[in-house]
Amino acid sequence: SYINEYNAYKLYKNYDQKSWPVVENAFLDNIKKDPKTKGGLITRLYLGNIYFKIEQYQKAINTYAGLLKYVDKESNLYDLASIGMAYSYENLGDFQKSLSFFQKVTEKKNSAHTVQAFIAMGRCYEGLKDNHSAVEKYRMVNEKFPENPWKTILNDKISELSTSN
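The shown structure was predicted, so the numbers you read here are calculated from the model rather than taken from an experiment.

**Q** Can you lay out the overall build of the protein for me, pointing to particular residues and giving the numbers?
**A** Of the regular secondary structure elements, the protein holds nine helices and zero strands. Order of helices (α) and strands (β) in the protein, N terminus to C terminus: α-α-α-α-α-α-α-α-α. In terms of principal-axis extent, the alpha carbons of the protein reach across some 55 × 30 × 25 Å. With 165 residues in all, the protein has 47% of them scored as buried. Contacts in the protein between residues at least 24 apart in sequence constitute 47% of all its contacts with a sequence separation of at least 6. Here the protein displays about 9,200 Å² of accessible surface, and carbon together with sulfur accounts for 51% of that area. Computed over 23 positive and 19 negative side-chain charges, the inter-centroid distance for the protein is 6 Å.

What follows is the structure, encoded as structure tokens:
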């Protein structure tokens, strides 16, 4: 049966291990029936998020990739799916692919996720053992976004990475 945005949200928030197979099937069925409407797109995002939460990163990547096919590059859903893919790749240890998806978000003019993406890019550079690039990203965040709530943490990270080179 059709899952609207609200019902998708309720399923997403209330699933547990016992109900997961039923929720997964309901989400997959809705995506199959309704892949391009807002309800179908939201369902796909929630399904990707659940796969991420339960550490099924490749399934999350595939689900987010399906969402990216249908959404406008300027939409918030595009940012959320890109970030979901980036975090999934990061958890699989593929920092290069992760960087490419975070980069997509940082290239947009008005993304609400820009700071988050730049910080995550710094973390990916750390994963690649490129402390210099990580420090550059963290410094850039603090300079470009001086009111960011992570300023102190980023300054500590900059100090730590600068002394470990």
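Next comes the rest of the write-up.
**Q** Describe the packing of helix α8 (residues 131-144) against helix α9 (residues 151-163), naming the residues involved and giving the relevant values.
**A** One can describe the packing of α8 onto α9 by two numbers: an axis separation of 9 Å at closest approach and a directional angle of 155 degrees. Here α8 lies roughly antiparallel to α9, going by the angle between them. The two elements α8 and α9 cross, and the hand of that crossing is left-handed. Contact residues: α8 offers N131, A134, V135, Y138, R139, V141 and N142, while α9 offers K151, L154, N155, K157, I158, L161 and S162.

**Q** Provide a residue-level description of the packing of aromatic side chains, including the pertinent values.
**A** This model, assessed by the stated rule, comprises eight aromatic pairs. Measuring from centroid to centroid gives 6.5 Å for F52 and Y87, while their planes differ by 55 degrees, and the two rings are tilted. Here F52, found in helix α3 (residues 38-53), pairs with Y87, found in helix α5 (residues 76-91); they are 35 residues apart in sequence, far enough to count as distant.

Thresholds, definitions, all that
Residues numbered from 1 in each chain as written. Predicted model: local features only at pLDDT ≥ 70, side-chain atom pairs only at ≥ 80, totals over all residues. Heavy atoms only, no water. Helix = DSSP H or I, 4+ residues; strand = E, 2+ residues; numbered from the N terminus. Buried < 20%, exposed > 50% of the residue type's maximum accessible area, 1.4 Å probe, protein only. Contact = heavy atoms within 4.5 Å. Areas by Shrake-Rupley, 256 points an atom, 1.4 Å probe, with all protein chains shown as cover. Lys, Arg positive; Asp, Glu negative; His and termini not counted. Charge placed at Lys NZ, Arg CZ, Asp CG, Glu CD. Axes fitted to C-alpha atoms, helices over the stretch in contact; angles between N-to-C directions. Parallel < 35°, antiparallel > 145°, perpendicular 65-115°, else oblique. Left-handed = near helix turned anticlockwise from the far one by under 90°. Phe/Tyr/Trp six-rings, centres within 6.5 Å; stacked < 30°, edge-to-face > 60°.

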